[in-house]
Amino acid sequence: MKKYLGKIVKAFFIGVLIFLLIGLYEYLLNGWSPNSYKDVLEQFAYNQTYSVLLYLVNDIVISNMIERYGVKLFKLKNIVTSIVLGIIATLSTMFFIRLFISIVIYDDSFSGFISRESLAYYTLGFTVSIIVNAIFYFLYYYKTKQDNRVKEQKIIAGVASAQFDALKNQLDPHFLFNSLNVLTSLIEENPEAATKFTTALSKVYRYVLEQKNKELVTIEEEIKFANLYMSLLKMRFEDSIVFTTPAILKNPEGKVVPLALQLLLENAVKHNQVTPSKKLHITITESEGAITVTNNLQKKQSLKESSGVGLKNIKQRYALLTSEIVKIEHSEAVFEISIPIITQDIKIMKTQDTYINEKRYENAQEQVAKLKAFYVHLGVYLIFVPVFLYLNYQSNTSFPWAIFPIGGWGFGVAGHAAETFNWNPFFGKDWEERKIKELLDKED
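Not measured: the values here are computed from a predicted model. (Residues numbered from 1 in each chain as written. Predicted model: local features only at pLDDT ≥ 70, side-chain atom pairs only at ≥ 80, totals over all residues. Heavy atoms only, no water.)

Concerning the packing of aromatic side chains
Phase 1: The tally for this structure, following the rule as stated, stands at 4 aromatic pairs.
Phase 2: Note on Phe95 and Phe96: the rings are 5.5 Å apart at their centroids and 80 degrees apart in plane angle, and the pair reads as edge-to-face.
Phase 3: Overall, the relative accessible area of 53% leaves Phe96 in the exposed class.
Phase 4: An aromatic cluster is present here, built from Phe95, Phe96 and Phe113 joined pairwise through their rings. (Phe/Tyr/Trp six-rings, centres within 6.5 Å; stacked < 30°, edge-to-face > 60°. Buried < 20%, exposed > 50% of the residue type's maximum accessible area, 1.4 Å probe, protein only.)

Observations concerning the side chain of Gln298
Phase 1: Positionally, Gln298 belongs in the loop between β5 (290-296) and α9 (309-321).
Phase 2: Overall, Gln298 belongs to the buried group, its relative accessible area being 14%.
Phase 3: At 3.3 Å, the side chain of Gln298 forms a polar contact with the side chain of Asn296.
Phase 4: Contact partners of Gln298, with chain neighbours within four places excluded, come to His271, Asn272, Gln273, Lys278, Lys279 and Leu280. (Helix = DSSP H or I, 4+ residues; strand = E, 2+ residues; numbered from the N terminus. Polar contact = N/O pair within 3.5 Å; in protein donor to acceptor, adjacent residues only side chain to side chain. Contact = heavy atoms within 4.5 Å.)

Observations concerning the environment of Gln48
Phase 1: Within the element layout of this structure, Gln48 appears in helix α2 (residues 37-69).
Phase 2: Its relative accessible area of 6% is what places Gln48 among the buried residues.
Phase 3: Expressed as a C-alpha distance, the spacing of Gln48 and Ala11, which sit 37 residues apart in the sequence, is 8.2 Å.
Phase 4: Dropping the residues within four chain positions of it, Gln48 is found in contact with Phe12, Gly15 and Val16.

Remarks on the nonpolar core
Phase 1: By size, the foremost hydrophobic cluster in this structure holds 49 residues, and its most contacted members are Leu265, Ile282, Ile284 and Ile339.
Phase 2: The leading source of residues in this core is helix α7 (residues 219-237), at 9 residues.
Phase 3: Those residues in contact with Leu265, other than ones at most four positions away along the chain, are Ala226, Tyr229, Met230, Phe243, Ile282, Ile284 and Val293. (Core = buried A, V, L, I, M, F, W, Y, C linked by side-chain atoms within 4.5 Å.)

Looking at the sheet that holds strand β4 (residues 280-287)
Phase 1: Spatially, the 5 strands line up as an open sheet ordered β2-β4-β5-β7-β6, and their pairing is mixed. Edge strands, defined here as strands with exactly one partner in the open sheet, are β2 (241-244) and β6 (327-330). Sheet twist, expressed as the average angle between the axes of neighbouring strands with direction ignored, equals 15 degrees.
Phase 2: As defined by bridge partners, β4 adjoins β5 across 6 bridges and the pair is classed as antiparallel. Of the residues in β5, the one forming a bridge with Thr283 is Thr294. (Pairing = 2+ DSSP bridges. Axes fitted to C-alpha atoms, helices over the stretch in contact; angles between N-to-C directions.)

Some words on helix α11 (residues 403-420)
Phase 1: Helix length check: α11 (18 residues) gives 25 Å between terminal C-alpha atoms against 26 Å at 1.5 Å per residue, within 8%.
Phase 2: Residues of α11 that are buried: Phe404, Pro405, Ile406, Gly408, Trp409, Gly412, Val413, Ala417, Ala418 and Thr420.
Phase 3: Once α11 ends, the next one or two residues include Asn422, with phi positive near 55 degrees. (Expected span 1.5 Å × (residues − 1).)

Here we look at the pattern of salt bridges
Phase 1: Tallied over the full model, the rule gives 2 salt bridges.
Phase 2: With its nearest N and O atoms 2.7 Å apart, the salt bridge here joins Glu117 to Arg98. Of this pair, Glu117 sits in the loop between α4 (110-116) and α5 (120-189) while Arg98 sits in helix α3 (residues 76-105), and the two are 19 residues apart along the sequence.
Phase 3: Here Arg116 and Asp108 are joined by a salt bridge, their closest N and O atoms 1.9 Å apart.
Phase 4: Accessibility expressed as a relative area gives 48% for Arg116, which makes it partly exposed. (Salt bridge = Lys/Arg side-chain N within 4 Å of Asp/Glu carboxyl O.)

Looking at the packing of α7 against helix α8 (residues 260-271)
Any two packed helices are characterised by how steeply their axes cross, that is the angle between the axes, and by the distance between the axes.
Phase 1: Between α7 and α8, the shortest axis-to-axis distance is 9 Å and the interhelical angle comes to 25 degrees. With respect to each other, α7 and α8 are oriented roughly parallel. Both α7 and α8 take part in a crossing whose hand is right-handed. Residue-level contacts link Glu222, Ile223, Phe225, Ala226, Tyr229, Met230, Leu233 and Phe237 of α7 to Ala260, Leu261, Gln262, Leu265, Glu266 and Val269 of α8.
Phase 2: Class assignment for the residues of the contact of α7 with α8 results in 11 nonpolar, 1 polar and 2 charged. (Parallel < 35°, antiparallel > 145°, perpendicular 65-115°, else oblique. Left-handed = near helix turned anticlockwise from the far one by under 90°. Nonpolar A, V, L, I, M, F, W, Y, C, P; charged D, E, K, R; others polar.)

Concerning the packing of helix α6 (residues 191-211) against α7
Phase 1: At their nearest, the axes of α6 and α7 sit 9 Å apart, and the two run at 155 degrees to each other. The orientation of α6 relative to α7 falls into the category roughly antiparallel. α7 is crossed by α6, and the crossing has left-handed handedness. Two secondary-structure elements touch here, α6 through Ala193, Lys196, Phe197, Ala200, Leu201, Lys203, Val204, Tyr207, Val208 and Gln211 and α7 through Glu221, Glu222, Phe225, Leu228, Tyr229, Leu232 and Met235.
Phase 2: Partitioning the contact of α6 with α7 into residue classes produces 12 nonpolar, 1 polar and 4 charged.

Let's talk about the environment of His330
Phase 1: Position of His330 relative to the elements: it lies in strand β6.
Phase 2: Residue classification places His330 among the exposed positions, given a relative accessible area of 58%.
Phase 3: Each C-alpha atom, one on His330 and one on Asn296, is 9.6 Å from the other, the two residues being 34 residues apart in sequence.

Observations concerning α8
Given 3.6 residues to a turn, an α-helix orients residues that are three or four positions apart in the same direction.
Phase 1: With 12 residues, α8 should reach 16 Å at 1.5 Å per residue; the first-to-last C-alpha distance of 17 Å fits that figure.
Phase 2: Inspection of α8 places Ala260, Leu261, Gln262, Leu263, Leu264, Leu265, Glu266, Asn267, Ala268 and Val269 among the buried residues, and these make up the whole buried set.

Observations concerning the pairing of β4
Phase 1: Burial along β4 is one-sided: Leu280, Ile282, Ile284 and Glu286 are buried, and none of His281, Thr283, Thr285 and Ser287, which face the opposite way, are.
Phase 2: In this sheet, β4 lies alongside β2 in parallel orientation, the contact comprising 4 bridges. For Phe243, the partnering residue across the bridge sits in β4 and is Ile282.
Phase 3: Hairpin connection, β4 to β5: the antiparallel pair is bridged by 2 residues, and Gly289 has positive phi, about 85 degrees.

With respect to the pairing of strand β7 (residues 334-340)
Phase 1: Pairing analysis gives 7 bridges linking β5 to β7, with the strands arranged antiparallel. For Thr294, the partnering residue across the bridge sits in β7 and is Glu336.

Below is the structure:
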């Protein structure tokens, strides 16, 4: 009911605009002046009958075509079919309106109506109907394109979010597997160190569990965790690892991917010889826009082919979050990896959360556009009110015909205001809430 009432209000409003435009055209070019109250009222009634019925008939045709073809409506064959059906519906409706008026109102015979009928009587209504339909198809095409873009972005965001979650979930088994390998080695070599390692491992693993569901963590948190993690490795390698971190951070609130430093430190130990005679020097430095992990290169002689899970994971996660890339540089003596520091200056790509925020912004933009359209409409109406009054005064008639366009247009403005501010005296939010509660109570 609310849906059809809204369509009738729109049709009535369009009819008022058409009536005003035609009346203004007739007045300026042909000097038209209404003779009486009945003359204006009759013309207005005919105009609104045509406008409302033609709008509803074309709306039915267009709605059925959209339901049938969806986004494929704008294929040549489908759009031509839709236009032809619209023309047939328009001409048929105009014919039956004219027939009804002739026979019922003017008491004419069917044969008399047919004998006097001419295509010229359909020209104006047909032209207006075609223009209105063309505007609708253009707006629908534009809206469809915009909706498709939103859907594409939503899919991209959903896929990115799913990929990001999958990558984060790789960390648990990967980290646990490597830690258990270290623990196994310690149990054989140094049972006392293995006990300390187990205690420290519980603290490390707690951090892993706490951070795994976050997209970003602060540099300060990650550096603290890196120190904790390296304390584990030092239990096994003792003085064979020399680990250095910045004494003071320039940007402690800068963001990095969780566990990124742990994976880089783990790779450094995994791929290099670590012995008292060949100490592994690992240094973490903070530069402008990046955190860099550097180690001396002393590759193990016999090393199984690496799966590359750790480094690949970091690259993929950064690729989903920012346009900045992970940089890798190495020489014969040094291996260096730099991971970007994500700040407000770096453009973060869409994930599910950013999509939701952008969607809220789009909704706000849409509401602002509605408000702007309403205020423009109201402003034009207020400008034309004195124009109609002046034309009424200049028409040299005592009949106040201006009240009809002013009142009709005012009704349209009121309908526009109700739609813009989501106000309905019959089916408002209170009614909706009562109905929802009533239906829920019935189900219970």
